[in-house]
Amino acid sequence: MSSKIKPEELIKTFNLKPKYRNWMDVPVDFRKGTFNYAGSEEALIYLDQPNPRKWQVTDPDWKLPENWQEIILEGLRERLEKYRSLKIFMDICVRCGACADKCHFFLGSGDPKNMPVLRAELLRSVYRREFTTAGKLMGRMVGARELTFDVLKEWFYYFYQCTQCRRCSVFCPYGIDTAEITFLTRELMNLIGVNIDWIMTPVKNSYRTGNHLGVQPHGMKDSLEMAAADIEEITGIHIDVPINKKGAEILFVTPSADYFATPHYYTLMGYMMLFHEIGLDYTFSTYASEGGNFGSFVSHELMKRLNNKIYAEAKRLGVKWILGGECGHMWRVIHQYMDTMNGPADFLEVPRSPITGTVFENAKSTKMVHICEFTADLIYHNKIKLDPSRNDHWHATFHDSCNPSRGMGLLEEPRYIIKNVMRKFTEMPDNTIREQTFCCGSGSGIGTDENFEMRMRGGFPRANAAKFVRDKYGVNICLCICAIDKANLPPLFEFWVPGLEVGGVHEMVGNALVMTGEKPREVDLRLNPLNNVEEKL
Amino acid sequence: MGLGISLISFLLVLAVGWIAGIVPFLKVFFMAYVPYVALAVFVIGLIIRILRWGRSPVPFRITTTCGQEKSLPWIRQNKLDNPSSALGTLGRMLLEILFFRSLFRNTRAEFKDDRLVYSVDKWLWFFSLAFHWSFLIIFLRHFRFFTEPIPSFVGFLQNIDGFFQVGLPIIYITDVLILSGLTFLFLRRIFNSKVRIISLPSDYFPLLLILGIATTGVLLRYFFKTDLVAVKEFTVSVLSFQAVSQELINKLSPLFAIHFFFVCTLLIYFPLSKLVHLGGVFLSPTRNLANNNRMKRHINPWNYDVPVHTYEEYEEEFRDKMIAAGIPVEKED
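Residues numbered from 1 in each chain as written. Chains lettered and ligands numbered in written order. Predicted model: local features only at pLDDT ≥ 70, side-chain atom pairs only at ≥ 80, totals over all residues. Heavy atoms only, no water.

(A) Molecular detail of the overall build of chain A. A count of helical and extended segments in chain A gives 23 helices and seven strands. For a compact globule of 537 residues, the expected C-alpha radius of gyration is about 24 Å, and chain A comes in at 23 Å, within 12% of that figure. Overall size of chain A, expressed as C-alpha extent along the three principal axes, is 75 × 50 × 40 Å. Looking at chain A as a whole, 70% of its 537 residues qualify as buried. (Helix = DSSP H or I, 4+ residues; strand = E, 2+ residues; numbered from the N terminus. Rg over C-alpha atoms; globule rule 2.2 N^0.38 Å. Buried < 20%, exposed > 50% of the residue type's maximum accessible area, 1.4 Å probe, protein only.)

Right, dumping it as structure tokens:
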């Protein structure tokens, strides 16, 4: 599919000054390459979700329950009573338009319905019609409309064209959070079985096997052992891989892509080398083998059902606290939802680094620490020996992943690590990093092949900033701390910024880490030869 | 969508106000009774609105963080954009409500030779802030018509507001700012295609209405002066729930009647519209909660048990494979 559209053609379609048309009169167009396939029957049955059936988005009949409008409106009523956020966000938007050109999907598509304000109006218009007096009496005059099948199609198209990155929420004078609106609208659609497969099947897999790829315990073990073998080949050091080890001090949970996909895999090697070198008493778990939470892309209940495993496994294994790997949406769930949903974690201890003695007061209730917080603390206390010159063939920039930046505020820790493990680091322009960072374009479960064009559009602002530092400063790798980034940035850059690589922060740690008893390093974790700067640049 | 509808609605309100100002019988009705209806709708409507928001709980702490979190002691936290304490959150809210912190971040994205570039764009911030603050100060200045004796802050405000001492009567800065702010906001809705697409009648109408209030106010002050002694006697009577005599009402000019009717309309319109952002901004969960999620457990009052896939069920399914791979299990067979 990627061969069909070309960057130079796509770029010609960009337009930030859409022509005025009453948006209610513009029908949705399910253009190939811009939407995701429908959720599979099998996944819905396994998860006991409403209305499992075989259907396709382009079908004229979506095989909805007869009273589907009623189900959705009742669901909306219930959620208005349960979430103050929703009620407030429905009522107070003044449509100032500050959010309009902040959304990567609007910037990359020029489609007015991708302006966050209009995305929210898709739901708000129905809310007005059903729940406000003015809307009931005056209809379209006050921006109210009935929930029809066309409206549902529009919801499906545009609420799966939002990656819940929250960039708009930073700029909104009332903090209206489109991620919250998207989340709840997807939840409403899920009530009648309208959802996408790249969310529902991973949810099913995570529920059954513990991880979204559906990898079974022995498969996971193989993969971890393969990483250990690769590490041994590069460093000459044998590493044991603790799995489901009872009584370990720390449970380590990372997105499952880390042990199956590249370039995630190099980051996994980095973690394992680091843990070995500092002698950490930790364990992987095959049961809680997924940090990423695909449930959080479709419903609060599914989010809770998947997230449950992390505390349950920590309890079963009897660990003291939990350490989490590099991941974006995963960390929003852990930071903002886990303790509330599945806590209190009173069977765990306040996290304390066994190496430095640092007590992580900022995680004293949830008892889960981000790997970047953990490693930054190690480096600050000089507990590991680093040789940054081993990363001299890389000139890095750092892509802040959406959720750690806007749902947490993890900004300095990764930068501190990067600056200690490598010597060439250049930031992308100010309006595209930290809390203003741009999404990779594929977050929240929409990173599918069938949605390729929309992903390339949505990822354009990120790619554009990366291209700037590549062209101007010779940056050749973009580091990030999110599994979806690591999966999506490579095709995105291949499309817009060919030659720019993608890696994880702990991959660079692995390269720079001087391990006790290691043989002289000749290659980095990707088997690129070291000390051969010309070749790489 | 909706510019026409808003204009017609506004002209209708203007017409009613004008007729009320010149037809003696109607004038008594509009001047002596309508204000009570307006005040009641405003107060009760706003209270109902806030109670309704307050009735829904805040199940999760979903702060939008806009700076460095509190983590390791040697990393400097951004205490205002990512507060972890009540004090920091208060600071964040004050910055937001008094100075429109988030709007201050506004940028404009543009394509330049196939490149996306961002430039600082403070116009929306500046004119919104100018409008809101001017409105507040003008309202406070009006206390000289509401109470006897006149509160001391009124004189202070008047002195500052008339600092440049231009014209006679002295031109207030806020009068200039509110008119330019509203004009900017209105024209922006028409000429910025993105904003025009999202604009509803309920976006144009309040701008026109407040523009009407400000314009009639300016006319009354600088051009068609009215009997201020009568105005004061009238407002004090209304606000102290005393009957207003026909004779007094006759002394009030038709222009004042229009000004007054616009204000009554705004009071009635307020709680039924987006103008409730005045109250809602205080309750926005992405702004008014501290980002201390991992430090302090947030309670969801409706948290309920969900079906889970337990470890036992998991091991049951994969036990053989786990044993074969040498992964520890709970039950050996």
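(B) Expanded view of the interface of chain A and chain B. The interface is formed by 118 residues belonging to chain A together with 93 residues belonging to chain B. Of the roughly 9300 Å² buried at the junction of chain A and chain B (both faces included), carbon and sulfur atoms supply 57%. A per-residue breakdown of the area chain A buries against chain B is headed by Tyr20, Arg84 and Arg95 of chain A, which together make up 9% of the total. Connecting chain A to chain B are eight salt bridges. For Glu330 of chain B, the salt bridge goes to Arg316 of chain A, with nearest N and O atoms at 2.6 Å. Applying the counting criterion to the chain A and chain B interface returns 73 residue pairs in polar contact (both at pLDDT 80 or more). In terms of residue class, the side of chain A that touches chain B is built from 53 nonpolar, 29 polar and 36 charged. (Contact = heavy atoms within 4.5 Å. Buried area = accessible area lost by both parts, 1.4 Å probe. Salt bridge = Lys/Arg side-chain N within 4 Å of Asp/Glu carboxyl O. Polar contact = N/O pair within 3.5 Å; in protein donor to acceptor, adjacent residues only side chain to side chain. Nonpolar A, V, L, I, M, F, W, Y, C, P; charged D, E, K, R; others polar.)

(C) Quick look at the packing of aromatic side chains. Residue and element names in this part refer to chain A. Evaluated as defined, the whole model comprises 66 aromatic pairs over all chains. Measuring from ring centre to ring centre gives 4.9 Å for Tyr157 and Tyr158, while their planes differ by 90°; the resulting arrangement is edge-to-face. This pair shows no difference in class: Tyr157 is buried, exactly as Tyr158 is. The structure contains a cluster of three or more aromatic residues connected by ring pairs, namely Phe30, Phe35, Trp55, Trp62, Phe149, Phe156, Tyr157, Tyr158 and Tyr160. Positioned above the aromatic ring of Tyr207 is the side chain of Arg305, whose terminal nitrogen or guanidinium carbon lies 4.6 Å from the ring centre. (Phe/Tyr/Trp six-rings, centres within 6.5 Å; stacked < 30°, edge-to-face > 60°. Lys NZ or Arg CZ within 6 Å of the ring centre and 35° of its normal.)

(D) The arrangement of the sheet that holds strand β5 (residues 396-399) of chain A in detail. All names here are of chain A. Across the sheet, which stays open at both edges, the three strands sit in the order β5-β6-β7 with parallel pairing between neighbours. Single-partner strands in this sheet number two, and they are β5 and β7 (501-504). Taking the axes of each pair of neighbouring strands and ignoring which way they run, one obtains an average angle of 35° across the sheet. Pairing of β5 with strand β6 (residues 477-480), which is carried by four bridges, proceeds in the parallel orientation. Looking at the pairing, Thr397 lines up with Cys478 of β6. (Pairing = 2+ DSSP bridges. Axes fitted to C-alpha atoms, helices over the stretch in contact; angles between N-to-C directions.)

(E) Focus on the confidence of the model for chain A. Averaged over chain A, the pLDDT score is 95; the fraction of residues at 70 or greater is 98%. Here residues 533-537 of chain A is a poorly scored stretch, pLDDT under 50, and it has twelve contacts once near neighbours within four places are set aside; other chains count. (pLDDT = per-residue confidence, 0-100.)

(F) Expanded view of the domain arrangement of chain B. One can read the domain layout of chain B as domain 1 (3-302) and domain 2 (305-333). For domain 1 of chain B and domain 2 of chain B, the distance between their C-alpha centres works out to 61 Å. (Domains from an automatic or database assignment.)

(G) Up close: helix α18 (residues 412-421) of chain A. Every buried residue belonging to α18 of chain A is among Glu413, Pro414, Arg415, Ile417, Ile418 and Val421 of chain A, and all of these are buried. Looking at the buried residues of α18 of chain A, the elements they touch are α16 (371-380), β5, β6 and α22 (505-512) of chain A.

(H) Up close: the packing of helix α6 (residues 116-131) of chain A against helix α8 (residues 149-159) of chain A. All names here are of chain A. Contact pair α6 / α8: the axes reach a minimum separation of 10 Å and the direction vectors enclose 150°. As the angle between them shows, α6 and α8 are arranged roughly antiparallel. Read as a crossing pair, α6 and α8 show a hand that is left-handed. On α8, the residues that touch Arg119, Leu122, Leu123 and Val126 of α6 are Val151, Glu154, Trp155, Tyr158 and Phe159. Class assignment of the residues belonging to the contact of α6 with α8 gives a composition of seven nonpolar, no polar and two charged. (Parallel < 35°, antiparallel > 145°, perpendicular 65-115°, else oblique. Left-handed = near helix turned anticlockwise from the far one by under 90°.)

(I) Molecular detail of the sheet that holds strand β3 (residues 321-324) of chain A. Residue and element names in this part refer to chain A. The sheet built from four strands is open, its strands ordered β2-β1-β3-β4 with parallel pairing. Two strands in the sheet have a free side with no partner beyond their single neighbour: β2 (282-283) and β4 (368-370). Of the pairings in the sheet, the one linking strand β1 (residues 250-253) to β3 comprises four bridges and is parallel in character. Counted as the bridge partner of Val253 is Gly324 from β3. Across the sheet, helix α14 (residues 300-317) lies against β1, β2, β3 and β4, angled at about 150° from β1, the strand it touches most. Strands β1, β3 and β4 of the sheet are contacted by α16, whose axis makes an angle of about 70° with β4.

(J) Looking closely at the state of the cysteines. All names here are of chain A. Tallied over the entire structure, the rule returns zero disulfides over all chains. Free of any disulfide, Cys103 has its nearest cysteine sulfur in Cys165, 6.6 Å distant. Given a relative accessible area of 10%, Cys103 falls into the buried group. Note on Cys165: no disulfide assigned, nearest cysteine sulfur contributed by Cys402 at a separation of 4.7 Å. (Disulfide = S-S within 2.5 Å.)

(K) Fine view of unusual backbone geometry. Omega for the peptide link from Gly343 of chain A to Pro344 of chain A comes to 0°, which places this bond in the cis form. Topologically, Pro344 of chain A is positioned in the loop between α15 (329-342) and β4. That bond from Glu148 of chain B to Pro149 of chain B is cis: its omega, 0°, falls within 30 degrees of zero. Inspection of the secondary structure puts Pro149 of chain B in the loop between α7 (143-146) and α8 (152-161). Here the phi dihedral of Asp48 of chain A falls at roughly 60°; this positive angle occurs in a residue that is not glycine. Looking at where Asp48 of chain A falls in the secondary structure, it is placed in the loop between α2 (41-47) and α3 (68-82).

(L) Main features of the pairing of strand β1 (residues 107-112) of chain B. All names here are of chain B. Sheet analysis places β1 next to strand β2 (residues 115-120), joined by six bridges and oriented antiparallel. Note that in β2 the partner of Ala109 across the bridge is Tyr118. Counting the residues in the hairpin turn of β1 and β2 gives two residues, including Asp113, whose phi is positive at 50°.

(M) The domain arrangement of chain A, seen in detail. Residue and element names in this part refer to chain A. If you check the domain split of chain A, you get domain 1 (7-30 + 50-194) and domain 2 (203-536). A C-alpha centroid distance of 32 Å is found between domain 1 and domain 2. Each partner contributes to the interface: domain 1 provides 31 residues, whereas domain 2 provides 35 residues. Inspection of the region where domain 1 meets domain 2 yields zero salt bridges. In this structure, the connection of domain 1 to domain 2 is made through twelve residue pairs in polar contact (both at pLDDT 80 or more). Within the residue set of the side of domain 1 that touches domain 2, elements represented by two or more residues are α1 (7-12), α5 (104-109), α9 (167-171) and α10 (178-190). Looking at which element gives the most residues to the side of domain 1 that touches domain 2, the answer is α10, with seven residues. In terms of residue class, the side of domain 1 that touches domain 2 is made up of 16 nonpolar, eight polar and seven charged.

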